[in-house]
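# Residue-level structural notes
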Amino acid sequence: MAVRAASWAFLGLIFAVAASAAEGPLVVPAADSPPVATAARLGGDESQTRFVLDLSRKIDLHAFTLADPYRVVLDIPQVTFALAPKTGESGRGLIKAFRFGLVMPGGSRMVFDLSKPVRIDKAFAIDASVDAPARLVLELVATDRESFLRKVALESRLTRPEAPSAGRPQTNGGDPRPLVALDPGHGGIDTGTKGPNGEQEKDIVLDFAQRLRARIEKSGKYRVVMTRSDDTFVALADRVHIARNAGAALFVSIHADALPHGEGDAQGASVYTLSETASDSEAARLAEKENRADVIAGVDLKTEPDDVAGILIDLAERETKSFSVQFAHKLVAEMKPAARLHKTPLKSAGFRVLRAPDVPSVLVELGYVSNRQDLQSLLSDHWRNRTADSIAQAIDGYFATHVAGARAGAN
Ligand SMILES: [Zn+2]
């Protein structure tokens with residue numbers, strides 16, 4: 001996985017130190033089980049707001065700010081969040097809302113959406129006392145935009161993790177079989193869309209991708225790489241990197257959509273390819289929403305990685321695009337008898353995750369968690385298996401008729 005080695009090691013170190021410091025001799029050894037967050041509270045008003053998190057033991061933390069939209073990010077060691085349902089969905093004072101989750105193995109993150117620019121006045125953790133658990137405290141004070149931006153610029157110079165290393169496609173290690181990259185959307189702190197009973201897109205699409213992986217591998221004709229295989233956040237550009245670095249011949253991103261309440265009741269699966277101009281307004285809305293994954297997780301990759309940007313050779317790009325569209329057609333044809341499709345199932349828009357210039361890429365929206373019948377399908381074993389079968393079939397058909405020969409010749 002393209003985790004950032006530096007911050008990974010850094011968090012691991014914090015975790016080890018925090019764990020050993022907090023464990024007294026009488027405590028049952030549990031150094032390998034993460035601390036548990038048991039309650040979260042907000043206090044204060046529009047000029048000063050305090051956030052408090054109760055924890056089973058003291059942890060280390062690193063807080064910083066991000067602009068546009070205004071956010072505070074709190075990086076902490078891996079924490080088990082045992083907080084009340086809907087915690088963070090509404091805020092108070094300077095904090096509009098907040099979310100939390102895993103961003104990498106060993107590392108959790110909290111992201112606070114702000115109503116206006118703030119200064120981090122205090123960010124610290126304290127040990128448990130006789131009458132209170134260990135706590136993490138964040139105190140924010142309102143400030144002006146200029147001071148806020150100055151601070152962001154300073155922090156990003158000091159603390160911003162290194163960009164993922166420039167990837168070069170690797171060799172197959174002698175294995176000539178085509179490599180399929182499966183990309184379950186969202187993960188960790190980024191839950192994706194949610195169903196009426198808290199069903200999360202990130203869980204639905206991960207399970208689906210794992211079933212699809214098993215089916216693709218069963219034939220023995222293909223290898224599979226997953227951009228994530230657990231509940232971890234992966235930035236959009238990193239997903240593209242993982243596929244390109246592994247030498248993928250095809251990239252399939254798996255998502256599930258939802259319409260906001262009161263905006264109609266769309267239903268059925270859709271297949272998207274990359275285009276600078278969206279095929280319709282719904283495709284534009286969806287791309288905008290999926291592209292926000294990095295903002296949701298407090299990761300801002302403002303520049304495209306150089307190796308991707310620099311490689312935008314017109315010809316290769318055009319070939320990739322044509323392969324992507326061919327595969328998208330095949331997908332729709334195979335999925336039609338298996339899954340309910342959207343009334344216009346083939347669409348295009350500027351999805352950031354489809355931007356590999358040399359890997360044919362599609363994004364499949366399996367259905368709408370906001371539609372009752374779709375949600376029932378999405379949660380059904382039978383539907384998942386049947387639909388995964390149809391996608392595996394389309395992948396097989398694509399390689400059989402279009403690419404296997406051409407790519408083998410090119411390698
Ligand atoms: Zn999604």
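Here goes a summary of the coordinates provided. Computed from a predicted model, the values in this text were never measured in an experiment.

What follows covers helix α4 (residues 236–246). Counting buried residues in α4 gives 10 out of 11 residues, a clear majority hidden from the surface. When α4 is considered as a whole, its buried residues turn out to be Leu236, Ala237, Asp238, Arg239, Val240, His241, Ile242, Ala243, Arg244 and Asn245. Gly247 occupies a position one or two residues after α4 and carries a positive phi of about 80°.

Next up on the list: the coordination of the zinc ion. Distances from the zinc ion to its protein donors, namely His186 (NE2), Glu201 (OE), His255 (ND1), Glu290 (OE) and Glu290 (OE), fall within the range 2.1 to 2.4 Å. Considered as a linear motif, the donors of the zinc ion on their single chain read H-x14-E-x53-H-x34-E. Linking Glu201 in helix α3 (residues 201–218) with Glu290 in helix α5 (residues 281–290), this pair joins segments that are 89 residues apart in sequence. We classify Glu201 as buried; its relative accessible area is 1%. Classification of Glu290 as buried rests on a relative accessible area of 5%.

With that settled, the discussion passes to the pattern of salt bridges. Tallied over the full model, the rule gives 28 salt bridges. Across the pair Glu282 and Arg285 runs a salt bridge, and its minimum N-O distance is 3.5 Å. One end of the pair is Glu282 and the other is Arg285, both in helix α5 and three residues apart, which spans about a single turn. Here Glu282 falls in the buried class, since its relative accessible area comes to 18%. A salt bridge links Asp294 to Arg352; the nearest nitrogen and oxygen atoms lie 3.5 Å apart. Of this pair, Asp294 sits in helix α6 (residues 293–296) while Arg352 sits in the loop between β14 (341–349) and β15 (361–368), placing them 58 residues apart in sequence. Among the charged side chains, a network of salt bridges with common partners joins Arg50, Arg119, Asp121, Lys122 and Glu139.

Looking now at unusual backbone geometry. Cis geometry is found at the peptide bond from Asp68 to Pro69, where omega equals 0°. Examined against the element boundaries, Pro69 turns out to sit in the loop between β3 (62–66) and β4 (71–77). A positive phi angle, near 50°, is found at Asp68, a position not held by glycine. Tracing the sequence through the fold places Asp68 in the loop between β3 and β4. Accessibility expressed as a relative area gives 51% for Asp68, which makes it exposed. Even without being glycine, Lys86 reaches a positive phi, approximately 70°.

Turning to the environment of Val36, a few remarks are in order. Note on placement: Val36 falls in strand β1 (residues 36–44). For the pair formed by Val36 and Gln78, sequence separation is 42 residues and the distance between their alpha carbons is 9.2 Å.

The next thing to look at is the nonpolar core. Counting residues in hydrophobic clusters, the biggest one holds 42 residues, and the most contacted among them are Leu212, Ile216, Val252, Phe327, Leu331 and Ile395. Examining the composition of this core, we find that eight residues originate from one element, helix α10 (residues 381–410), more than from any other. Among all residues touching Ile216, those that are not within four sequence positions of it are Val180, Leu182, Tyr222, Val224, Ala392 and Ile395. Counting residues in hydrophobic clusters, the runner-up holds 28 residues, among them Ala37, Tyr70, Met110 and Phe112.

So, how was this worked out
Residues numbered from 1 in each chain as written. Predicted model: local features only at pLDDT ≥ 70, side-chain atom pairs only at ≥ 80, totals over all residues. Heavy atoms only, no water. Buried < 20%, exposed > 50% of the residue type's maximum accessible area, 1.4 Å probe, protein only. Helix = DSSP H or I, 4+ residues; strand = E, 2+ residues; numbered from the N terminus. Donors = N, O, S within 2.8 Å, 3.2 Å for Na, K, Ca; no water. Salt bridge = Lys/Arg side-chain N within 4 Å of Asp/Glu carboxyl O. Core = buried A, V, L, I, M, F, W, Y, C linked by side-chain atoms within 4.5 Å. Contact = heavy atoms within 4.5 Å.

Spatial relationships are all this shows, so hold off on functional conclusions.
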